[in-house]
Amino acid sequence: MAAVHESVLDAIGGTPLFRLARLGAGLAAPVYAKAEFFNVGGSVKDRAALSMVLAAEREGLLKPGGTIVEATSGNTGIGLTIVGRQRGYRVIAGVSDRSAAEKSDILRAYGAEVVTAATSVPREDPSHLFNVVRRLVAEIPGAWLADQYDNPANPDAHLRTTGPEIWEQTAGRVTHFVAGVGTGGSITGTGEYLKRVSGGAVRVVGADPESSMYGGGDGSPWYVESIGHFLHPETVEDRWPKAYRAEAVDTFECIPDRESLLTARRLAREEGILAGPSSGTAVAAALRVARRLGPDDLVVVLLPDSGRSYLSKVHSDAWMRQWGFLEDGDGLRPLLDAA
Ligand code: PMP
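Residues numbered from 1 in each chain as written. Predicted model: local features only at pLDDT ≥ 70, side-chain atom pairs only at ≥ 80, totals over all residues.

Enquirer: So what exactly am I meant to see when it comes to the packing of helix α5 (residues 153-169) against helix α6 (residues 185-197) here?
Expert: Across the interface, α5 lies against α6 with an axial gap of 7 Å and an inter-helix angle of 50 degrees. Of the possible angle classes, the one that applies to α5 and α6 is oblique. Two packed elements cross with a definite hand, and for α5 against α6 that hand is right-handed. For the pair formed by α5 and α6, the contact residues are Asn154, Pro155, Asp156, Ala157, His158, Leu159, Thr162, Gly163, Pro164, Ile166 and Trp167 on the first element and Gly185, Ser186, Thr188, Gly189, Thr190, Glu192, Tyr193, Leu194 and Val197 on the second. Of the residues assigned to the contact of α5 with α6, the class counts are nine nonpolar, nine polar and two charged. (Axes fitted to C-alpha atoms, helices over the stretch in contact; angles between N-to-C directions. Helix = DSSP H or I, 4+ residues; strand = E, 2+ residues; numbered from the N terminus. Parallel < 35°, antiparallel > 145°, perpendicular 65-115°, else oblique. Left-handed = near helix turned anticlockwise from the far one by under 90°. Contact = placed C-beta atoms within 7 Å. Nonpolar A, V, L, I, M, F, W, Y, C, P; charged D, E, K, R; others polar.)

Enquirer: Looking at this structure, I do not really get the environment of Val115. What am I missing?
Expert: The residue Val115 is located in strand β5 (residues 113-117) in this model. A count of 16 C-beta atoms within 10 Å places Val115 in the partly exposed class. When the C-alpha atoms of Val115 and Gly94 are compared, they prove to be 4.9 Å apart, with 21 residues separating the residues in sequence. For Val115, the contacting residues outside a window of four places in its chain are Ile92, Gly94, Val132 and Leu136. (Buried ≥ 20, exposed ≤ 12 C-beta atoms within 10 Å, placed from the backbone.)

Enquirer: I'm lost on the sheet that holds strand β3 (residues 67-71) in this one. Help?
Expert: Through backbone hydrogen bonds, the strands of a sheet pair up, either in parallel or in antiparallel fashion. The strand order across the open sheet built from four strands is β5-β4-β3-β6, with neighbouring strands paired in parallel fashion. With one partner strand each, in any of the chains shown, β5 and β6 (143-145) form the two edges of the open sheet. Neighbour to neighbour, the strand axes of the sheet diverge by 25 degrees on average, direction disregarded. Two strands pair when backbone bridges link them, and β3 and β6 are joined in this way by three bridges, in the parallel orientation. For Ile68, the partnering residue across the bridge sits in β6 and is Trp144. Lying on the sheet, helix α4 (residues 129-139) is in contact with β3, β4 (90-96), β5 and β6; it crosses β3 at an angle near 170 degrees. (Pairing = 2+ DSSP bridges.)

See below:
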């Protein structure tokens, strides 16, 4: 029997696990996917948004009549807007002028005010998105910056919910947890919980784009959105986000874009799971890990969001061909041969 909720906020967390029976066929260790697109706003970031807003209320940073501000065009913006509007706040999303129009449209649909600013100018430039957002926070009375990259309530959401859910859903049989790293909140919180509850037995594996710096890459550009780390030469401070604690991660699997994207397409066709490109990276990494494991192992991989937001990208044959990710047929041959 499905649940009856008094508020959409109660439909954040409690997401299902799905066995990847087809993609994991022939592997001794079962691979289960945690489907975060079942959250009410459609992504794993609903958990962090709820956690950050409730923490800000507790700490007195956000009071009735207050305004939530964040530089985000994606899943965090949606989560913050849903949570913020339900709890009576004004929400302002600062969006890059290079971000797709649909992303601003969905934020407005949920009731956010969207402020667009440049991200291609130097970080010191007053017109840079980050400076515009900080100015809004300074000028609007009662405004609070969610600051997902450095907010401890982001990893804490996963320490309190995602980790315990996975432990309970697998009856403590999980041995490996695989997730991509954006802010690092998901892998840090979930990883720390699973390590703690298993007495250090659970291995935590970061799924990183090949050139991302989390996994040791040189920071050169990659395609898969929302995960990985690079240092803008002229702009960003030389440090990891505080939401990412490197000790929580044991190893990285570094996944080329092509393998990530083709895996996301296989997830839809073979498992009936329409997920985004970062889910492709995570599942590709999980399959690599599972190939080295035995029947006593159990792999859980986090799928951050739905493929509905990427129908004109990874799930479009034309787009895949245009960028050289799909040469002929369905493009699955090279991947199957490599397996
Ligand atoms: N995938 C997608 C689609 C996301 O929106 C995010 C969040 N930026 C991530 C992966 C990474 O999650 P986290 O920020 O918790 O590391």
